[in-house]
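# Working through the structure, step by step
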Amino acid sequence: MSTACPVSRGAAEFDPFGDGYQQDPPAYVEWSRESEPVFYSPKLDYWVVTRYEDIKAIFRDNVTFSPSVALEKITPTSQAANDVLASYDYGMNRTLVNEDEPAHMERRRALMEPFSPEHLAHHEPMVRALVREYVDAFIDDGRADLVNQMFWEIPLTVALEFLGVPDDDKPKLREYSVAHTVNTWGRPEPEEQVAVAHAVGNFWQYAGGVLERMRERPEDHGWMQYGIRTQRELPEVVTDSYLHSMMMAGIVAAHETTANGIANAVKLLLENRAIWDQICAEPSLIPNAVEECLRHNGSQAAWRRITTAPTRIGGVAVPEGARILMVSSSGNHDPRRFEDPELVDVRRDDAADHLTFGYGAHQCLGKNLARMEMQIFLEELTGRLPHMRLAEQDFTYVPNTSFRGPEHLWVEWDPAANPERTQP
Ligand code: HEM
């Protein structure tokens, strides 16, 4: 019997909480895309998959590859942290993203109407007015942290509006949603775990309180109120546990993803100045530029599944009960699928085939709302601040496997050259 270690060096060292992965996940796993596209990570106790077609095949088969682990804590937490969560009656359970068939599809169908284009169109004037108002506040300053001054708050406001949640708790929600990300996809140290658990516990109770208030006015607009009304007809499909879990998870799903998505997009475009100038000159390129940014520098770096039977991924045998981390951001840079994948090409005709919204039965329900927000941000910024540039800075990220975007994005410009002053 061979005594050679079956785990390669790259696999042994793979650490999605380190700075290499945080700064550039596809570059960090380039070795894997090239030579070991499916590997077992002992540090994570996950199988990691990095090529486009393998990831797509997993997304396609949500029975062999169950999504039930999608919201599981990736770092098992200490007893002290678990006790804190229990003291808040924390009970995050199935929503949509982590629900198995057939329950998932029944629920998804029952709840999808508010995502239709006609319903989404209703939000567009509000998003544009918000973006204009926020840009007005800093356009004469010559310098801004776009994350703190706009990208974080506007998608939160839109998410709350879409869900039907009163938006008077925004600062608290920022703390809560980062805690949820760290709790679910991060690797907090034991002492941080307790603080995170308090924030997550408070988030859970807050979500329960909001839901109770919504139940008093179920006729109000909002996706959650729509769920409450649907529950009357389909109580087994839209359960109490679903509503409470979705009330909390939905805020993060609709908010952080989009806030990170636009921050990544603007960073990428300004780092590729010629492309930024191109879309400033030709705004009709913006919808495809959004897709290309989501492909090249998307806000979901990786997503999870668990096997329900022994199976094979790209020819590699994987046992039942194997936890899988699909590095979708790596699939988006797979040269077998995208020609010259490192190139930012806003005219690429297959950019929208990226995996950033997932694929198949669970593909992101909110993708068109996210796209609309990102397009409006780019239209307003390229129109009003075409001369802005990235300031000197180091980019930092909240260490976790999945939700990815810079914590700050400093830009600078000469206010005297603002088009609104030079061509009033
Ligand atoms: C599911 C990404 C914005 C609501 C997902 C999934 C991903 C994702 C990766 C899992 C897909 C799968 O398992 O195949 C993103 C990104 C966004 C974004 C990158 C922004 C750039 C939004 C918004 C909303 C939303 C704005 C709500 C308004 C949902 C829901 C699901 C989902 C409800 C579950 C769908 C299901 O399992 O049937 N999203 N999302 N997302 N997303 Fe998004």
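A brief structural summary. Keep in mind that what you see is a predicted model, and the values were worked out from it rather than measured. (Residues numbered from 1 in each chain as written. Predicted model: local features only at pLDDT ≥ 70, side-chain atom pairs only at ≥ 80, totals over all residues. Heavy atoms only, no water.)

## A few points about the site of the ligand
His104, Arg108, Arg305, His362 and Cys364 are the nearest of the 29 residues found near the ligand. Between Leu96 and the ligand, the recorded distance is 3.3 Å, taken from a backbone N or O atom to an oxygen atom. At a separation of 3.3 Å, an oxygen atom of the ligand approaches a polar backbone atom of Tyr359. Listed by contribution, the elements that provide at least two residues to the shell around the ligand are α7 (103–111), α15 (240–271), β5 (303–307) and α19 (367–384). The biggest single contributor to the shell around the ligand is α15, with five residues. (Near = heavy atom within 4 Å. Polar contact = N/O pair within 3.5 Å; in protein donor to acceptor, adjacent residues only side chain to side chain. Helix = DSSP H or I, 4+ residues; strand = E, 2+ residues; numbered from the N terminus.)

## A closer look at the coordination of the iron atom of the ligand
If you check the protein contacts of the iron atom of the ligand, you find one donor only, Cys364 (SG), at 2.3 Å. Along the polypeptide, Cys364 turns up in the loop between α18 (328–331) and α19. (Donors = N, O, S within 2.8 Å, 3.2 Å for Na, K, Ca; no water.)

## Notes on unusual backbone geometry
Excluding glycine, residues mostly carry a negative phi; peptide bonds, for their part, are mostly trans. With an omega dihedral of 0 degrees, the bond running from Glu101 to Pro102 counts as a cis peptide bond. A positive phi angle is found at Asp89, which is not glycine, with a value near 55 degrees. Residue placement: Asp89 occurs in the loop between α6 (79–87) and α7. Although it is not a glycine, Asp340 sits at a positive phi angle of roughly 45 degrees. On the secondary structure map, Asp340 appears in the loop between α18 and α19.

## Things to note about the sheet that holds strand β3 (residues 65–66)
Here five strands make up an open sheet; going across it, the order is β1-β2-β8-β5-β3 and the pairing mixed. This sheet does not close on itself; its edge strands, each paired only once, are β1 (38–41) and β3. Bridge count between β1 and strand β2 (residues 46–49): four bridges; the pairing is antiparallel. Paired with Phe39 across the two strands is Val48, which belongs to β2. Sitting on the sheet, helix α5 (residues 52–60) is in contact with β1, β2, β3, β5 and β8 (323–326), with an inclination near 125 degrees to β8. (Pairing = 2+ DSSP bridges. Contact = heavy atoms within 4.5 Å. Axes fitted to C-alpha atoms, helices over the stretch in contact; angles between N-to-C directions.)

## So, the sheet that holds strand β4 (residues 143–145)
An order of β4-β10-β9 is seen for the three strands of this open sheet, with the pairing classed as antiparallel. Bordering the open sheet on either side are β4 and β9 (389–390), each of which pairs with just one other strand. With two bridges joining them, β9 and strand β10 (residues 410–412) adopt antiparallel strand pairing. In the strand pairing of β10, Leu390 is matched with Val411.

## Thoughts on helix α17 (residues 286–297)
An ideal rise of 1.5 Å per residue puts 16 Å on 12 residues; α17 measures up with 15 Å between its terminal C-alpha atoms. Extensive coverage of α17 is indicated by the burial of 10 of its 12 residues. Of the residues making up α17, those classed as buried are Ile286, Ala289, Val290, Glu291, Glu292, Cys293, Leu294, Arg295, His296 and Asn297. In the core, the buried residues of α17 are packed alongside α15, α16 (273–281) and α19. (Expected span 1.5 Å × (residues − 1). Buried < 20%, exposed > 50% of the residue type's maximum accessible area, 1.4 Å probe, protein only.)

## Things to note about the environment of Val127
Here Val127 is to be found in helix α9 (residues 124–138). On the basis of relative accessibility, which here comes to 0%, the residue Val127 falls in the buried class. Between the C-alpha atoms of Val127 and Ile376, which are 249 residues apart in sequence, the distance is 7.4 Å. Not counting residues within four places of it along the chain, the set of residues in contact with Val127 comprises Val158, Met372, Glu373 and Ile376.

## Some thoughts on the nonpolar core
Ranked by internal contacts, the top residues of the largest apolar core, which has 115 residues, are Leu146, Met150, Phe151, Trp223, Val266, Leu381 and Met388. Looking at which element gives the most residues to this core, the answer is α15, with 16 residues. Once residues lying within four places of it in the same chain are set aside, the contact partners of Val266 are Leu146, Phe151, Leu378, Leu381, Met388 and Leu409. (Core = buried A, V, L, I, M, F, W, Y, C linked by side-chain atoms within 4.5 Å.)

## Some remarks on the packing of aromatic side chains
Inspection of every chain in the model, using the stated rule, returns 17 aromatic pairs. Seen from their ring centres, Trp185 and Phe403 are 4.5 Å apart, and the 45 degrees between their planes marks the pair as tilted. Residue Trp185 is found in helix α12 (residues 170–185), and its partner Phe403 is found in the loop between β9 and β10; the two are separated by 218 residues along the sequence. Like Trp185, the residue Phe403 is buried in the burial classification. Taken together through their ring pairs, the aromatic side chains of Phe14, Tyr21, Tyr28, Trp31 and Phe39 make up a single cluster. Positioned above the aromatic ring of Tyr359 is the side chain of Lys56, whose terminal nitrogen or guanidinium carbon lies 4.5 Å from the ring centre. (Phe/Tyr/Trp six-rings, centres within 6.5 Å; stacked < 30°, edge-to-face > 60°. Lys NZ or Arg CZ within 6 Å of the ring centre and 35° of its normal.)

## Side note on helix α11 (residues 153–163)
For α11, the buried fraction is high: nine of the 11 residues fall into the buried class. Turning to α11, its buried residues are Ile154, Pro155, Leu156, Thr157, Val158, Ala159, Leu160, Phe162 and Leu163. Looking at the residues trailing α11, positive phi occurs at Gly164, about 90 degrees.

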